[in-house]
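Summary of structural features
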Amino acid sequence: MRILVWNCNMGLDKKYRHLLALQPDIAIIPESAEPGILLRKAPEFSSNTHVWVGENPNKGLGIFTFGNYAATIISPHDTNIPYVAPIKILGPHSFKLLAVWACHSKENSYENRLGPVRRALSTYATLVTSAPTVVAGDFNDNVRWDKTRSPNKHSLNVAILEEMGLCSAYHNQRNVSQGEEPEPTLFWRSRTKDGPRYHIDYCFVPKRWLSRPHRIAIGTYEDWVGAGLSDHVPLIVDIDL
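Here goes a summary of the coordinates provided.

What counts and how
Along each chain, the written sequence defines residue order, and numbers are assigned to residues from 1. Restriction of local features to residues with pLDDT of at least 70 applies here, the model being predicted, together with a cutoff of 80 or more for giving and counting side-chain atom pairs; totals for whole chains, interfaces and linings are based on all residues. Water and hydrogen atoms were dropped before computing side-chain values, which therefore reflect all heavy atoms in the structure. By definition, disulfides here are pairs of cysteine sulfur atoms that lie within 2.5 Å. The buried label goes to any residue with under 20% of its type's maximum accessible area, the exposed label to any with over 50%, and the partly exposed label to all in between, with areas taken from a 1.4 Å probe on protein chains only. Helix numbers and strand numbers start at the N terminus; a helix is a DSSP run of H or I with at least 4 residues, a strand a run of E with at least 2. In this description, strands pair whenever DSSP reports at least two bridges between them.

Looking now at the state of the cysteines. By definition, a disulfide links two cysteine residues through a covalent bond between their sulfur atoms. The tally for this structure, following the rule as stated, stands at zero disulfides. Of all cysteine sulfurs in the structure, the one in C103 sits closest to C8, which takes part in no disulfide; the separation is 14 Å. Taking relative accessible area as the criterion, C8 reaches 0% and is therefore assigned buried. Note on C103: relative accessible area 11%, which makes it buried.

Encoded structure:
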């Protein structure tokens, strides 16, 4: 099974062939347009199922499935937490998915000083712990930005996820600690190879899954950012379940 996370930086109708070339089973795509707009602009782009959440029809969070996999949104869905979607994945390996695009600029992103990821982990705690669940997407965060007294430290969110039985597939496979990632997923502002760059896209999976053969890949700067597709590169997680 292949799970892919890629913030497409809008305009997916012009970039979808690059996504399809990676042959994902489940793709979490922040900054994608809603299905009507996407299919009108790129009618040849087809997925098995497509779930989308957001307010701006040109820029929301899309979840696409391919092959034998299908996705449906789980009710109740707390729409007050922007760009977080609880999803049921059905297929050869069925599980729950909490898809995330942690957008911090929305008026309703924070509540009682808690940001979207922390709020989502609280709101959907039962969902995450009651069945095998993946939490994946653009977290817009890294422990390098942690502040001592902040209730939204990335390290706190990681600790909560670990208590829920989840582990970052990338950090497990690469055997690196949070904040020590050798491969960035975001080339910020200048989009140059040596400019500001950070690892902010994650895929947390059940720890027991990682006892099975798995592989992690990060897209290259040249293929994705240098080619003008996005300021993010894809995170790809292959797990043999």
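Further notes follow.
The subject of this paragraph is the pairing of strand 7 (residues 95–101). In terms of burial, strand 7 is a largely internal element, seven of the seven residues being buried. Both faces of strand 7 are covered, namely the face carrying F95, L97, A99 and W101 and the face carrying K96, L98 and V100. Sheet analysis places strand 6 (residues 84–90) next to strand 7, joined by six bridges and oriented antiparallel. Bridge pairing links I87 to L97 in strand 7. Sheet topology note: the strand 7/strand 8 (residues 133–138) ladder contains six bridges and is parallel. Across the sheet, the residue bridging to L98 is V135, located in strand 8.

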